[in-house]
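Residue-level listing of the chains:
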Amino acid sequence: MHSDPGQANGVESDRPEPQKGMNTVTRPRILVVGAGFAGVECVRRLERKLAPGEADVTLVTPFAYQLYLPLLPQVASGVLTPQSIALSLRRSSKYRTRIIPGGAIGVDPKAKVCVVRTITDKIVNEPYDYIVLAPGSVTRTFDIPGLVEHAFGMKTLAEAAYIRDHVISQLDLADASEDPVERAARLQFVVVGGGYAGTETAACLQRLTHAAVQRYPRLDPGLIKWHLIDIAPKLMPELGDKLGRSAQEILKRRGIEVSLGVSIDKAGPEEVTFTDGRVVPTHTLIWTAGVVASPLMATLGAETVRGRLAVTAEMCLPGHDGVFALGDSAAVPDLAKGQQGAVCPPTAQHAMRQGRKVADNVIAALQGRPLQPYEHKDLGLVVDLGGRDAVSKPLGVELRGVPAQAVARGYHWSALRTNVAKTRVMTNWLLNAVAGDDFVRTGFQARKPARLKDFEFTDSYLTPEQVRARVEGAALDQR
């Protein structure tokens, strides 16, 4: 299927040709980049508050769904089905936003043009009057030999589904192997990253392998070893010392070896070398050591803070009319903390609220009204470790065990945007609690292995100079 930049979903578009500045003849064009928590909340509010004739809203996203990222580890472990946390953007009959299936790879704020690579690899220039940048984040990697070639990430739905297949296949291959060395290597698993994603991933997948090995009578359960490592001195420091230690004790009780102050020195197809000198034979390295802002932000040539676009409290880009940025890729001042230089953490609760506030500010800009600053006091953190294990800190109150699990799942369930998603997730949870896990490989794992570098296309972005050259070249072609 080929994507024509002059068409939208098979219908000829009345979109005007690229030009600078506000188009006074047609409706203002609002372009939203990214369908995460921030982007989707922004689009939904724009649709509710703007009449169809007031503005044209376009969304750039590779997939027409919003991914509920915090529950990815439960997809990887098979507790939830993939579609239960992929919330379709097209379910509502009132949905009128035009979707461009692709990713933004460059923005020229002077010419007011966004360069988009469609899912068919066609590159198009998308003009706008107002742009909302919410492309989210990508997995943070370092220059470690073999890392991107041999590690898995946990950032997309495809990665979670692929990891599940891979982990179960290691049990299958170990069970079939007559080589004790190979069997031991396939039954060792390494997770790097002691934050929420890494801790929950290790906890959920360890539960999966612990339950699955009962169905493999030829395998010694004692051979299954999970390693969780992090260069930081504490596990999930945002939770505080007590809850961090509680989480570590839960993991240790389950047999997960937690090593702090340790990272990866190099990675190979069949072994991983830690910075403390240990060499662990393994075919499974899962890398969750933090995230960084989307490389898209660097294409604007504007000031950044640790890769995140520096914006005002109103989430505007200083010096550039009509550019807004929010979510994981923007350094939004955290006014609630009252500290100079404090920025909002890259969490779902901030992204959702920022999305709604940006939509209000875009409408205010359209109507010539003053913009309002974003301010929100953090509501706390929840960590679901699977089963009855969890640690939570809602509104500063420290919880463990079943109460923490109830708060964690209650928060995630209420945060799901649609009733269909809520029903699917609750049904999955109940079914898993009653019937237990299943250990079926779904076939996502092809003969050709796929790793972190194959799921996150971080090498496809343009430089500011390339963006400018492309936009200027397109302008010349129009003459």
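In the nomenclature of an unreviewed UniProt entry, the protein corresponds to NAD(P)/FAD-dependent oxidoreductase from the organism Streptomyces dangxiongensis. The record in UniProt for the protein states the following under Sequence similarities (unreviewed entry): "Belongs to the NADH dehydrogenase family."

A.B. asks: Any chance you could break down the domain arrangement of the protein for me, citing the residues and the numbers?
C.D. replies: How big an interface is tends to be expressed through the accessible area that disappears when the partners come together. The domain architecture assigned to the protein consists of domain 1 (29-139 + 292-378 + 457-477) and domain 2 (141-289). The centre of domain 1, based on its C-alpha atoms, is set 33 Å off from the matching centre of domain 2. Contacts between domain 1 and domain 2 engage 17 residues on the former and 14 residues on the latter. With both sides pooled, the region where domain 1 packs onto domain 2 buries about 1,300 Å², and carbon together with sulfur makes up 69% of that total. Among the residues of domain 1 in contact with domain 2, P73, A76 and T139 are the three that bury the most area, contributing 42% of the side total. Linking domain 1 to domain 2 there are 3 residue pairs in polar contact (both at pLDDT 80 or more). For the side of domain 1 that touches domain 2, the secondary structure elements donating two or more residues are β5 (65-67), α2 (72-76) and β11 (137-139). The element that contributes the greatest number of residues to the side of domain 1 that touches domain 2 is α2, accounting for 5 residues.

A.B. asks: Could you give me a rundown of the pattern of salt bridges, with the residues and numbers involved?
C.D. replies: In total, this model carries 22 salt bridges according to the counting rule given. A salt bridge links D129 to R29, with the nearest nitrogen and oxygen atoms 3.1 Å apart. Of this pair, D129 sits in the loop between β9 (123-127) and β10 (130-133) while R29 sits in strand β3 (residues 29-33), and the two are 100 residues apart along the sequence. Of the two residues, D129 and R29, neither departs from the other in class, the shared state being buried. Between R44 and E41 there is a salt bridge, and its shortest N-O distance comes to 3.6 Å. One end of the pair is R44 and the other is E41, both in helix α1 (residues 37-49) and 3 residues apart, which spans about a single turn. You can call R44 partly exposed: its relative accessible area is 29%. According to the relative accessible area criterion, E41 is buried, its value standing at 6%. Bridged by salt links that share partners, the residues E41, R44 and R356 form one connected network.

A.B. asks: So what about the sheet that holds strand β7 (residues 98-108)? Which residues, and what values?
C.D. replies: Strand order in the open sheet made by the 7 strands is β9-β8-β7-β4-β3-β10-β22, with mixed pairing throughout. Of all the strands in the sheet, just β9 and β22 (323-325) have a single pairing partner and so form its edges. If you compare each strand with its neighbour and ignore which way they point, the axes differ by 35° on average. Two elements, strand β4 (residues 56-61) and β7, share 4 bridges in a ladder whose sense is parallel. In the strand pairing of β7, T61 is matched with P101.

Each value, and the rule that gives it
- Residues numbered from 1 in each chain as written.
- Predicted model: local features only at pLDDT ≥ 70, side-chain atom pairs only at ≥ 80, totals over all residues.
- Heavy atoms only, no water.
- UniProt positions renumbered as here; feature names shortened; annotations may be inferred.
- Domains from an automatic or database assignment.
- Contact = heavy atoms within 4.5 Å.
- Buried area = accessible area lost by both parts, 1.4 Å probe.
- Polar contact = N/O pair within 3.5 Å; in protein donor to acceptor, adjacent residues only side chain to side chain.
- Helix = DSSP H or I, 4+ residues; strand = E, 2+ residues; numbered from the N terminus.
- Salt bridge = Lys/Arg side-chain N within 4 Å of Asp/Glu carboxyl O.
- Buried < 20%, exposed > 50% of the residue type's maximum accessible area, 1.4 Å probe, protein only.
- Pairing = 2+ DSSP bridges.
- Axes fitted to C-alpha atoms, helices over the stretch in contact; angles between N-to-C directions.

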